[in-house]
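What the coordinates show
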Amino acid sequence: MTRAELVVGIGARHGVAAEEVLGLIRRTLAEAGAAAADVVALATLDTRADEPGITGAAARLGVPVRSYPAKALAQVPVPHPSAVSLTAVATGSVAEAAALMDGGELLVPKRKSGSATCAVARRGTVDVTRASTNGAEPFTMAAMLPPTKHTENAGPDLRHHGDAEVRGLDLIDLAVNVRTGTPPEWLRRRIVTSLASLAAYPDGRSARAAVAGRHGLPEERVLLTAGAAEAFVLIARALPVSRPVVVHPQFTEPEAALRAAGHEVGRVLLSPEDGFRLDPAAVPEDADLVVVGNPTNPTSVLHPAGVLERLARPGRTLVVDEAFMDAVPGEREALCARQDVPGLVVLRSLTKTWGLAGLRVGYVLADPATVGLLQEAQPLWPVSSPALAAAEACMEPRALVEAADAADRTAVDRAHLLAGLAEFSEVRVVEPAAGPFVLLRLERADEVRELLRSRGFAARRGDTFPGLGGEWLRIAVRDRVTTNRFLQALDLALQGLPRRAVG
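The residue count restarts for each chain, going from 1 along the sequence in the order it is written. Where totals are concerned, whole chains, interfaces and linings use all residues; where local detail is concerned, this predicted model gives features only for residues with pLDDT of at least 70, and gives and counts side-chain atom pairs only at 80 or more. Heavy atoms throughout the structure, all of them, feed into the side-chain values; hydrogens and water do not.

1. Let's talk about the environment of Glu 51
With respect to the helices and strands, Glu 51 occurs in the loop between β2 (39–45) and α2 (52–61). Here Glu 51 falls in the buried class, since its relative accessible area comes to 9%. Separated by 15 residues in the primary sequence, Glu 51 and Arg 66 place their C-alpha atoms 12 Å from one another. Runs of H or I in DSSP of at least four residues are treated as helices and runs of E of at least two as strands, each being numbered from the N terminus. Each residue is assigned to one of three classes by its accessible area relative to the maximum for its type, calculated with a 1.4 Å probe on protein chains only: buried under 20%, partly exposed between the two thresholds, exposed over 50%.

2. Observations concerning the pattern of salt bridges
Once the charged atoms of two side chains with opposite charge are near each other, the side chains can pair. Think of a salt bridge as a Lys or Arg side-chain nitrogen and an Asp or Glu carboxyl oxygen that are within 4 Å of each other. Enumeration over the complete set of coordinates arrives at 21 salt bridges. The partner of Arg 122 in a salt bridge is Glu 105, and the shortest N-O contact between them spans 2.7 Å. Of this pair, Arg 122 sits in strand β5 (residues 116–123) while Glu 105 sits in strand β4 (residues 105–112), and the two are 17 residues apart along the sequence. Notably, a salt bridge pairs Arg 259 with Glu 255, separated by 2.7 Å at the nearest N-O pair. Here Arg 259 pairs with Glu 255, and both are found in helix α9 (residues 253–260), just four residues apart, close to one helical turn. Judged by its relative accessible area of 0%, Glu 255 falls in the buried class. Ionic contacts of the salt-bridge type, sharing partners, join the residues Glu 165, Arg 449, Glu 450 and Arg 453 into one network.

3. Describing the packing of aromatic side chains
Stacked, tilted and edge-to-face are the three classes assigned to paired rings of Phe, Tyr and Trp, where Trp is represented by its six-membered ring and a pair needs centres within 6.5 Å; plane angles under 30 degrees give stacked, over 60 edge-to-face, the rest tilted. Within this structure, the stated rule accounts for six aromatic pairs. Judged by centre distance (4.3 Å) and plane angle (25°), the ring pair of Tyr 201 and Trp 381 falls under stacked. One end of the pair, Tyr 201, is in the loop between α6 (185–194) and α7 (205–215); the other, Trp 381, is in the loop between α12 (368–377) and α13 (385–394), and 180 residues separate them in sequence. Taking relative accessible area as the criterion, Tyr 201 reaches 61% and is therefore assigned exposed.

4. A closer look at the nonpolar core
By convention a nonpolar core is built from buried Ala, Val, Leu, Ile, Met, Phe, Trp, Tyr and Cys residues, the set being connected through side-chain atoms within 4.5 Å. Counting 54 residues, the largest nonpolar core has Leu 187, Leu 350 and Trp 354 as its most contacted members. Here this core gets six residues from one element, more than from any other, and that element is α13. Excluding anything up to four places from it in sequence, Leu 350 contacts Gly 355, Leu 356, Val 361, Gly 362, Tyr 363, Ala 391, Cys 394 and Met 395. In this description, contact between two residues means that some pair of their heavy atoms is separated by no more than 4.5 Å.

5. Here we look at the packing of helix α14 (residues 397–421) against helix α16 (residues 480–495)
Contact geometry for α14 and α16: axes closest at 10 Å, N-to-C directions at 20°. Accordingly, the angle class assigned to the pair α14 and α16 is roughly parallel. Helix-helix and strand crossings are classified by hand; for α14 and α16 the assignment is right-handed. Within the contact between the two elements, α14 uses Val 412, Asp 413, His 416, Leu 417, Gly 420 and Leu 421 and α16 uses Arg 480, Thr 483, Asn 484, Phe 486, Leu 487 and Leu 490. Residues are grouped as follows: Ala, Val, Leu, Ile, Met, Phe, Trp, Tyr, Cys and Pro are nonpolar; Asp, Glu, Lys and Arg are charged; all remaining types, including Gly, are polar. Each residue belonging to the contact of α14 with α16 can be placed in one class, and the counts come to six nonpolar, four polar and two charged. Lines fitted to the C-alpha atoms define the axes, with helices restricted to the stretch that makes contact. Angles between their N-to-C directions range from 0 to 180 degrees. In this scheme, roughly parallel covers angles under 35 degrees and roughly antiparallel covers those over 145, while 65 to 115 is roughly perpendicular and the rest are oblique. Take the far helix as the reference: if the near one is turned anticlockwise from it by less than a right angle, the crossing is left-handed, and if turned clockwise, right-handed.

6. Concerning the sheet that holds strand β18 (residues 457–461)
Pairing between strands is defined by DSSP: at least two bridges between the two strands are required. Across the sheet, five strands lie side by side as β8-β18-β19-β17-β16; this open sheet has mixed pairing. Either end of the sheet is taken by a strand with one partner, and the two such strands are β8 (172–174) and β16 (428–429). With two bridges connecting them, β18 and strand β19 (residues 472–476) associate as antiparallel partners. Within β19, the position partnered with Arg 461 by the bridge is Leu 473. Relative to the sheet, α14 contacts β16, β17 (437–441) and β19, its axis offset from that of β17 by approximately 15°.

7. Overview of α14
In a regular helix each residue adds 1.5 Å, so 25 residues correspond to 36 Å; α14 covers 36 Å between its end C-alpha atoms and thus fits that length. When we look at burial in α14, the residues that qualify are Ala 399, Ala 403, Ala 406, Ala 407, Thr 410, Asp 413, Arg 414, His 416, Leu 417, Leu 418, Gly 420 and Leu 421. A helix is expected to reach a length of 1.5 Å times the quantity of its residues less one.

8. With respect to unusual backbone geometry
Trans is the prevailing form of peptide bonds, just as negative phi is the prevailing case for residues other than glycine. Residue Pro 249 follows His 248 across a cis peptide bond; omega there is -5°. Tracing the backbone through its elements, the reader meets Pro 249 in the loop between β10 (244–248) and α9. With an omega of 20°, the peptide bond between Asn 297 and Pro 298 qualifies as cis. One non-glycine residue, Trp 381, adopts positive backbone phi at about 50°. The class for Trp 381 is partly exposed, based on a relative accessible area of 45%.

Below you can see the structure in the form of C-alpha cells.
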C-alpha cells in the first residue's frame, strides 16, 4: 500500500497545553493504526493557529500548522457533528473538518480530551478496501467538494519586514536593525570609485578572495550573493531537500523562500518560558535541512556554538544565519570559519553593520560541493560591481577594527536600553540579549506601537514572526540620546493607553 500521508485536525480551547494536544494526537494515531512519522501537518481553525498548545505539538512532531477560517470549515461535511461546535463556529467539528480540507478519508471518528478534539485523515492515494478502525467504511469527501485553498499558519505574514514600518514616513527608526550613520564616508568613497567600472561585467574574484582571507578559508568555500535573502532562495531551490525545518521565532525569509520553492516546511517553535533557548532534541531526526539564526532575529538570543553543532549530522544541511554575528563583541559562538562540521552552511550579510541594505551584498560559507550547487542556481553576474567593491573593502583590517569597535559600542548602548526598560513594570524583555536589538513583551503592544508612532518612533511588530503574537515588539539598539527619547515616548504611550471597559 502507498505510504500514508496523514493530516491531523485539532479543535481546542484557548490555553490548551501542548502536552495534552500531543497526547491526544498520539492516542488517536494509535487507534488508527498509524504512525506519527506519517503526519504531514496539523490543521485547525485560524483563530487557534497560534495557540502554544497547538504550535508546540506541531513543533514536537516537526510538521507545519495549517489554518482555515470558520467559513471554509463550515462548508466541509463531517460525519460526527456537534451542536456545540455548530453554534460556536458554524461547523459540526473543527477537528474533522480541518482534517478533511484536503480531501481523503477520515480514519477514526474525532477523539476528545479535556480541552481538545482530534481527527486523523489520510490524503493522497488511498486503499479504499481498508476499513476504518471503528468497523465502518471510511468517510471521504473528495467527491463531495471542490478543492479548497488553505494557508499555512495564516496569521504570520512571512513577507513583512521592518522597513514596512517606516517606508515613506518621517519616524525615528527603531524597526530596522541597520546601524545608524552608515555607510561610513570611506566606504562611500570606495563605492563611488567603483562606478567608473560599470561598463564592464562584474568580476567577483578579488572580493571572493578577500572574504576567504577574512575567515581563513579556501576560496572554493565562498559564494558571494545579492544579500542573505538571495542565499535563502538559492538554498531552497538548489539543494536536494525533502524535510526542511526552520527554528522559530527567527527571520522569516528562509521559510518564505522554501515555501515559494514548493517545500512543506516544519517549524520548531522555541518557548519564551525557556528564554527561546534551543534544545537540539526538539528538531526532528529526519529533518534534512535545518535553518537557525545566531544571534537570532528577533529574539536577540545567542546560541552556544556547541549546541548548534549538535544539530549537524551526515545527510543534513545545517544553515546558520550569522547576519548579526559581527555585531557581537568577539563574534563568540561563530561557526563561520569551521570546516569540520558536516553539512554546515553559514550565511553572512554586510547589510546591518555597514548600512548596505540598498546595495544587496552578502555571502555563503560552505563545503565546495554545496557552493557549487548554489552557484549553478545563480543567474550570471548576481552581485554588482559596486557591491563587490564594498564587500572587498569591508574585509580589510581597518574595516574589521571598525566593526569590532561598533560591536562594543552596541553592547554598551544595549545595556543602557535594557536598564531603561527595566524601569517599566509592564515590560518584559528577553535576556540576555546579544544582537543590536531587543525583544519585549507587553500587553496591548499593538496599541502601544501606534502611540509610539504618533510620538515619532517606529517599532517592529512581533506578530509576523511564527511563535510570537501581538504582545511582542522588537526595538533596535540606538545611541543613548535616541534611547532616552524613546523611553520617554514609551512612558507616555503606556500612560496614554485608553482604559478598557470592564464587564
